[in-house]
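# Tertiary structure, described
The residues making up each chain are set out below.
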Amino acid sequence: MTAALVCGGASAQANPLDAFGYGARAVGLGGAATAVSTDVAANYYNPAGLAAAEHLRLDLGYAFVRPALTMNGGDQNVDDSRGFQGGVALPGELFGRRVGFSLGLHLPDERVSRIRALPERQPRWVLWDNRPQRVVISSSVAFETLDNLFVGAGLTYLANTGGTLDIRGDVGLFDVELTRLDSAVDVDLAAVRYVTAGALYVGEGWRLGLCYRQDFSLKLDLDVRVNGAVLSAPGVPVVPEGLFQLRSLNQTLYSPQQVFVGAAFDIERWRVSADLGWLDWSRFPTPTARLELELDLAPLNFDLPLPAEPIAPGFHDIIVPRLGLEYRAIEAPWGRLDLRGGGFYEPSPAPDQPGATNYVDSDKWAAALGMGLALADPSGVLPHPVQLDVGAQVIRMTPRTYLKDDPADPIGDFTAEGWALGITAGLGFDF
Amino acid sequence: MASLGCAAGGDAGDGGSNLPERGFAGYTRVLAADEAPLQPVEKPDGVALGDPFARVVDGRVELYVSLCPDGVPCRIAVATSADGRAFGPLETVAEDPAGLTEPYVVGDVFYAVRGEGAALVSGRLDGTDVRAVLEEPGARLGSPSAVDGRLFFTREADGAQALRHAELDTGHVFPDPLVVEHRPADWTPPAILQPEIRRATTGAGRSVYRMVYAGRPGGGDADLAFAAAFEGGAFSDWPFDPALGGDPDEFAPSNIRFGARYLLYFARPGGRLGLAERVADNPTESF
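A brief structural summary. (Residues numbered from 1 in each chain as written. Chains lettered and ligands numbered in written order. Predicted model: local features only at pLDDT ≥ 70, side-chain atom pairs only at ≥ 80, totals over all residues. Heavy atoms only, no water.)

## Notes on the overall build of chain A
Summing up its helical and strand segments, chain A has 3 helices and 20 strands in all. The dimensions of chain A, computed from C-alpha atoms along their principal axes, are 90 × 50 × 40 Å. With 431 residues in all, chain A has 52% of them scored as buried. Long-range pairs, those at least 24 residues apart, make up 71% of the contacts in chain A with a sequence separation of at least 6. (Helix = DSSP H or I, 4+ residues; strand = E, 2+ residues; numbered from the N terminus. Buried < 20%, exposed > 50% of the residue type's maximum accessible area, 1.4 Å probe, protein only. Contact = heavy atoms within 4.5 Å.)

Structure (structure tokens):
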């Protein structure tokens, strides 16, 4: 069910959609959906599948994920991720070839957007803690190039955040009554887009899919400017035209470029799907704010210390295998019932943290269960069965111990582990 | 301090809650005048208290001190508390004609300084078997800490003071003084004063030597600071030292973890004691 953002989909990135997959069917398959997604979820897993869909499809759904991430047994109280998901997929024919178009939407119901920048020394589940709650819009097109060979591409839009705090006025050096400051705040949400592209071949009883997703980075840029005079007495400036400027550049959400290969085989009532993905985490930029400072208090001579450059996180690429099973349990005039199961293993891209940084992450094992129930409309108003899908997934972040080189490190040694439990449900209407 | 409090003890608004805390940061003084902490141990007339050493036994805090009545040699006394703040009456543990100060207790054995520092002694908490474990005429020995068969102490001679260590069994003094490696531009006192060293266990189960000490950078009032070492050799200073500073003289610190609270006892001018505490969301260092 539901709409889509990107294909492939890593399981524990900063985005809640990436973290838990997209759509109840795909969740129930452990995310092994590169070769089998033909509904709105194809926006996420492989847009080429949109041209292989049979009917116009409207999806409405809801996803909920509850992480329980700890450090030395202390729950980090990482927020739940939840939100409405929906979209429409429009397959058709053009010049004798199949085509498809889809529009997807993810709408968090707690916050439209959430961002925060943390000092690099502060421990955080780096791929979860800063989970932005963002509105995400995605659109994809797909078409059939050769018989049964489909290609597709899509754009996903997210929002960058930038802001300026401008303060102007006079500051009294000895008398607070001389201080008069006017401030103005300007916040800007700018769209960021990235590309997803995929291919799908549908054979007799088997499918082969390939999907590429571009990397993207959402930034939080903040400017604080203070302009004005510093007065020792009314009308007596010590600094006639002072300036203090702070610029904070911070990356709040990053998803690596990735390639997923997927295959599926139908054996009687069974469908087996498998994905193998490469995620380019070695290009992960530092998730810590970089500060630029400027101070001009002429004729006074003050120098600001240069802020330290953030330490490179040193992540590495990973290979992620996924496996899904789907069993057609019932097929009858009133509808059908599919049972699903799956899982994946995702090694952590994060290195040990023996120094000042504390970017916490660990290997992830996931198990998933799901079901799909298609019910024919006895009134005949709806031309095709209504599709109800439910997928549940549990992700185990295995215990990982962090040892510090410095015996007096402010954080010290610690162990991190966690769970994430989620459920996604949706209704699909075919027309 | 502020940045450390955020880093080590952030809450949900700071980007996380229950973050690991080692008990190096965020101490708040508990003022005797306001809340009557240590009241029974607080300075009675004509008596000076100093050199606190705290430990937790059976869920209670035992606070050993140097008790020095006017005109009488100091002795070692102890008071206990259920909360680490309000203590019962002082009871004498051990005394010596030359005086005993700077107690350190392991099991049922205490270590202390005899007289003006001519010797370090040990004895049982019932006051028996008091004997010298290290002597050096002409030097002033102080601040014993017995850890893992080693005796850490300070040695002052010819105007120079250093942190040293010796084998407890043999009395062999290792020749090289121990140092605290300070980072450039950090708070850097010229000498390590009244150190207390304990064996601690980190949040990952690793063993570490944990030291709290006093220092007087620039020769002014003493601040309290932390350092740590894996092997008990070269100590690294805690980068946000001093952990407690800015107030008039505070020295001779003793640090314990009491449940989720880190307690820092220290001596103050006038023969009085002080206490600072940090209530941790997720205390990770055990000692």
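## Some thoughts on the pairing of strand β5 (residues 75–81) of chain B
All names here are of chain B. A large share of β5 lies buried, amounting to 5 of its 7 residues. Examined bridge by bridge, strand β4 (residues 60–69) and β5 share 7 bridges and lie antiparallel to one another. Paired with Val61 across the strands is Ser81, a residue of β5. Following β4, the chain reverses through 5 residues before pairing antiparallel with β5; Gly71 in that reversal takes a positive phi of roughly 75°. Alignment of β5 against strand β6 (residues 91–94), held across 3 bridges, turns out to be antiparallel. Counterpart to Val78 in the pairing with β6 is Glu91. (Pairing = 2+ DSSP bridges.)

## Re the sheet that holds strand β8 (residues 109–114) of chain B
Residue and element names in this part refer to chain B. If you trace the 4 strands from one edge of the open sheet to the other, you get β7-β8-β9-β10, paired in antiparallel fashion. The open sheet has two free edges, formed respectively by β7 (100–106) and β10 (131–135), since each of these has just one partner strand. This sheet shows a mean twist of 25° between the axes of neighbouring strands, independent of strand direction. Relative to strand β9 (residues 119–124), β8 runs antiparallel, the two being bridged by 6 bridges. (Axes fitted to C-alpha atoms, helices over the stretch in contact; angles between N-to-C directions.)

## Quick look at the environment of Asp166(A)
Residues and elements named next belong to chain A. When you line up the elements, Asp166 lands in strand β7 (residues 149–172). For the pair Asp166 and Leu279, spaced 113 residues apart in sequence, the C-alpha to C-alpha distance is 40 Å. If sequence neighbours within four positions are ignored, Asp166 has contacts with Asp182, Ser183, Ala184, Arg225 and Asn227. A distance of 3.4 Å separates the side chain of Asp166 from the side chain of Arg225, its partner in a polar contact. (Polar contact = N/O pair within 3.5 Å; in protein donor to acceptor, adjacent residues only side chain to side chain.)

## Thoughts on the sheet that holds strand β15 (residues 193–201) of chain B
All names here are of chain B. The mixed open sheet is built from 5 strands, whose spatial order is β14-β18-β17-β16-β15. Looking at strand neighbours, the two that pair on one side only are β14 (180–181) and β15, the edges of this open sheet. The pairing of β15 with strand β16 (residues 207–215) spans 7 bridges and is antiparallel. Bridged to Arg199 within β16 is Tyr209.

## Here we look at the packing of aromatic side chains
As enumerated under the stated definition, the model contains 23 aromatic pairs over all chains in all. Arranged with centres 6.0 Å apart and planes meeting at 65°, the rings of Phe24(B) and Trp238(B) form a pair that is edge-to-face. Of this pair, Phe24(B) sits in the loop between β1 (20–21) and β2 (28–30) while Trp238(B) sits in the loop between β18 (235–237) and β19 (251–258), and the two are 214 residues apart along the sequence. Neither residue differs from the other here; Phe24(B) and Trp238(B) are each classed as buried. In this structure an aromatic cluster arises from ring pairing among Phe24(B), Tyr27(B), Phe226(B), Trp238(B) and Phe240(B). A cation sits over an aromatic face here: Arg322(A) above Phe344(A), 4.6 Å from the ring centre. One Lys or Arg, Arg199(B), reaches over the ring of Tyr209(B) and ends 4.0 Å from the middle of that ring. (Phe/Tyr/Trp six-rings, centres within 6.5 Å; stacked < 30°, edge-to-face > 60°. Lys NZ or Arg CZ within 6 Å of the ring centre and 35° of its normal.)

## Overview of the pairing of strand β4 (residues 97–108) of chain A
Residue and element names in this part refer to chain A. Here strand β3 (residues 81–94) runs beside β4; their pairing, made up of 12 bridges, is antiparallel. Within β4, the residue paired with Leu90 across the bridge is Phe101. Once β3 ends, the chain turns through 2 residues before running back antiparallel as β4, passing Phe95 with a positive phi of about 50°.

Keep in mind these values describe shape, not function.
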